[in-house]
Amino acid sequence: MNYAKINEAAQNYLEDMTRFLRAIVKNPGESCDEKAHIETIAAEMKKLDFDEVVIDPQGNVIGYMGTGDKIIAYDAHIDTVGIGNIENWDFNPYEGYETDEEIGGRGVSDQCGGIVSAVYGARIMKDLDLIPEGCKIMVVGTVQEEDCDGLCWQYIINEDKVRPEFVVSTEPTDGGIYRGQRGRMEIRVDVKGVSCHGSAPERGDNAIYKMADILQDVRALNENDDADETEIKGLVKMLNPKYNPDWEEARFLGRGTITCSQIFYTSPSRCAVADSCAVSLDRRMTFGETWESCLDEIRNLPSVKKYGDDVVVSMYNYDRPSYTGCVYEIECYFPTWAIPKDHKVTKALEDAYKNLYGETRLGNAETEAMRKARPLTDKWTFSTNGVSIMGRNGIPCIGFGPGAEAQAHAPNEKTWKIDLVRCAAVYAALPASYCK
């Protein structure tokens, strides 16, 4: 394989990749309003002579290069979060900006840059005859990830009936190769009380006070140690071989966390005792934790047991329609996953990268020192579609994508042109590296 030629081809496509990314950013694609993004991507795939381009009933755009039976897939979610307070932006987030090295705008790192590099990586494979015999390259622009990570891949696998050999997630990786992430789930705790006039609160049963007790125990889960004498052992216990046989991968991914993210209540008036209170808990899970263990952990808190049947602990469901109107209901559970460091896919991506760019992460003048200080192969701090691809369905998944995690959901989001080039080149080299 001529790696210098692959890199040169990626460099030659930079102007086209930049134009493509700017075109996507100019069309707001916030969750459940992704139609313009999808149509822009489908048009680019057709322009580049993909062998097949389809938009499935959920609204995911899927492009194929090659006609083999073995599918190697590249995933990029194309929806974005909102812009937040526009006063925090130094430029129009939907118009964006461009310099010799950067592109700014909502979604350029998280994560429309990924679809740009994947589309052009597939084109380079066709240009240089890099698609291995018997293989087909699949580039997917997926929807609703920001609302419900992995929902799109549940649909692709179960309804479109597509199951790749492996998937590359093009989420931003700061120039590194990422082989896993913590999982997450969305938990709801409901507490019942009895209302009465606020002038005599002793006549009622204040649900907010009960919830206050419960939240102190939830906080303890996040902050406590795991010493024998600690009643509510902290989530750090999952890094301890005493409590977790998967402690080694748990230490790689990092400990789980929990926090209260929302609170709700009902009360007859501001002059009454609250008769219900509910909270949402954001639970990040490491290796060895499951949705059952996380729910049981809350149910077994001393304060929850104290209030007995007045407390219900449950998991949220997601049932919001996509922009096509498709509703594909699923539990708000996003499993932890990690592909082994010696897996064939891990080694193939490392081989493709190292033959192109060497042993360390690369960046530009702004990012390179920070990137080189980090290991080449690492993990995400946030969640990705890998929760479905590998977490739920066991399909090997690996990450390599343009941009930076720290730019995700942040004002003044930007990405770097050199990342688009390097990712396109690595994507183009990977299938041959995997199949050799």
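One can find the structure itself at the top, above this paragraph.
One structure accompanies this document, and this report is about it. (Residues numbered from 1 in each chain as written. Predicted model: local features only at pLDDT ≥ 70, side-chain atom pairs only at ≥ 80, totals over all residues. Heavy atoms only, no water.)

## Here's the deal with the overall build of the protein
Part 1: In terms of helices and strands, the protein carries 13 helices and 20 strands.
Part 2: Taken against the 2.2 N^0.38 rule, which gives 22 Å for 436 residues, the C-alpha radius of gyration of the protein at 24 Å falls within 12% of a compact globule.
Part 3: If you line up the protein on its principal axes, its C-alpha atoms span 80 × 45 × 45 Å.
Part 4: Taken over 436 residues, the protein has a buried fraction of 57%.
Part 5: Restricting the contact set of the protein to residue pairs at least 6 apart, pairs at least 24 apart contribute 76%.
Part 6: For the protein, the exposed surface amounts to about 17,700 Å²; the carbon and sulfur share of it is 47%.
Part 7: Computed over 48 positive and 71 negative side-chain charges, the inter-centroid distance for the protein is 2 Å. (Helix = DSSP H or I, 4+ residues; strand = E, 2+ residues; numbered from the N terminus. Rg over C-alpha atoms; globule rule 2.2 N^0.38 Å. Buried < 20%, exposed > 50% of the residue type's maximum accessible area, 1.4 Å probe, protein only. Contact = heavy atoms within 4.5 Å. Areas by Shrake-Rupley, 256 points an atom, 1.4 Å probe, with all protein chains shown as cover. Lys, Arg positive; Asp, Glu negative; His and termini not counted. Charge placed at Lys NZ, Arg CZ, Asp CG, Glu CD.)

## Comments concerning the layout of surface pockets
Part 1: Of the pockets and cavities examined, the largest pocket occupies roughly 240 Å³.
Part 2: What lines the largest pocket is a set of 16 residues, among which Glu145, Glu146, Asp149, Ser383 and His409 lie closest to the centre.
Part 3: Those elements giving two or more residues to the lining of the largest pocket turn out to be strand S10 (183–192) and strand S12 (276–285).
Part 4: Its residues assigned to classes, the lining of the largest pocket comprises three nonpolar, three polar and ten charged. (1 Å grid on protein atoms, 1.4 Å probe; cavity = no way out; pocket = protein on both sides within 12 Å on 5 of 7 lines; lining within 4 Å. Points joined across faces, edges and corners; volume = space filled by probe spheres on them. Nonpolar A, V, L, I, M, F, W, Y, C, P; charged D, E, K, R; others polar.)

## Some remarks on the pairing of S12
Part 1: Of all ten residues making up S12, eight are buried, and the element is well covered by its neighbours.
Part 2: Pairing of strand S11 (residues 257–266) with S12, which is carried by nine bridges, proceeds in the antiparallel orientation. Bridging across to S12, Cys260 finds its partner in Leu281. (Pairing = 2+ DSSP bridges.)

## Quick look at empty space enclosed by the protein
Leftover empty space is mapped by rolling, across the atoms, a probe with the size of a water molecule.
Part 1: Counting across every chain of the model gives one cavity of 30 Å³ or more.
Part 2: Taken as a whole, the largest cavity holds about 60 Å³ of empty space.
Part 3: Around the largest cavity, the lining residues are Gly175, Tyr353, Leu362, Arg371, Phe400, Gly401, Pro402, Asp419, Arg422 and Cys423.
Part 4: For the lining of the largest cavity, the element with the most residues is helix H13 (residues 417–435), which contributes three residues.
Part 5: When its residues are assigned to classes, the lining of the largest cavity shows five nonpolar, two polar and three charged.

## Digging into unusual backbone geometry
With the exception of glycine, most residues fall at negative phi, and the peptide bonds are largely trans.
Part 1: Put simply, Asp110 and Gln111 share a cis peptide bond, and its omega is -10 degrees.
Part 2: Locating Gln111 in the fold gives a position in helix H4 (residues 108–127).
Part 3: Even without a glycine there, the phi angle at Asp129 is positive, about 55 degrees.
Part 4: Mapped onto the secondary structure, Asp129 falls in the loop between H4 and strand S6 (135–142).

## A closer look at the side chain of Ser303
Part 1: Secondary-structure assignment places Ser303 in helix H9 (residues 302–307).
Part 2: A polar contact is formed between the side chain of Ser303 and the side chain of Asp217, at a distance of 2.7 Å.
Part 3: Ser303 has contacts with Asp213, Ile214 and Asp217, leaving out every residue within four places of it along the chain. (Polar contact = N/O pair within 3.5 Å; in protein donor to acceptor, adjacent residues only side chain to side chain.)

## So, the environment of Ile339
Part 1: Mapped onto the elements of the fold, Ile339 is located in the loop between strand S17 (337–338) and helix H10 (344–357).
Part 2: Given the relative accessible area of 0%, Ile339 is considered buried.
Part 3: C-alpha separation for the pair Ile339 and Leu221, spaced 118 residues apart in sequence, amounts to 28 Å.
Part 4: Not counting residues within four places of it along the chain, the set of residues in contact with Ile339 comprises Arg179, Val345, Thr346, Met390, Pro396, Cys397 and Ile398.

## Notes on the environment of Gln262
Part 1: Along the chain, the position of Gln262 falls in strand S11.
Part 2: Along the sequence, Gln262 and Arg188 sit 74 residues apart, while their C-alpha atoms lie 9.4 Å from each other.
Part 3: Sequence-distant contacts of Gln262, defined by excluding residues within four places in its chain, comprise Ala278, Val279, Ser280 and Tyr316.

## Considerations on H4
Part 1: Counting buried residues in H4 gives 18 out of 20 residues, a clear majority hidden from the surface.
Part 2: A positive backbone phi angle near 55 degrees is found at Asp129, which sits one or two residues after H4.

## Comments concerning the nonpolar core
Across soluble globular proteins, nonpolar side chains show a tendency to be buried alongside one another.
Part 1: Tyr74, Ile115, Val119, Met138, Val139 and Trp153 are the most contacted members of the largest nonpolar core, which has 96 residues in total.
Part 2: Per-element accounting of this core gives the leading share, eleven residues, to H13.
Part 3: Of all hydrophobic cores here, the second largest spans 27 residues; its members include Met185, Val189, Val218 and Leu301. (Core = buried A, V, L, I, M, F, W, Y, C linked by side-chain atoms within 4.5 Å.)

## Things to note about the packing of aromatic side chains
Part 1: Taken as a whole and assessed by the stated rule, the structure comprises twelve aromatic pairs.
Part 2: When the ring of Tyr353 is compared with that of Phe400, the centres are 5.8 Å apart and the planes differ by 70 degrees; the resulting orientation is edge-to-face. Pair noted here: Tyr353 is in helix H10 and Phe400 is in the loop between strand S19 (397–399) and strand S20 (414–416), with a separation of 47 residues, a long-range link. Each member of the pair, Tyr353 as well as Phe400, is classed as buried.
Part 3: With centroids separated by 6.3 Å and ring planes inclined at 90 degrees, the aromatic side chains of Phe400 and Tyr427 adopt a geometry described as edge-to-face. Of this pair, Phe400 sits in the loop between S19 and S20 while Tyr427 sits in helix H13, and the two are 27 residues apart along the sequence. (Phe/Tyr/Trp six-rings, centres within 6.5 Å; stacked < 30°, edge-to-face > 60°.)

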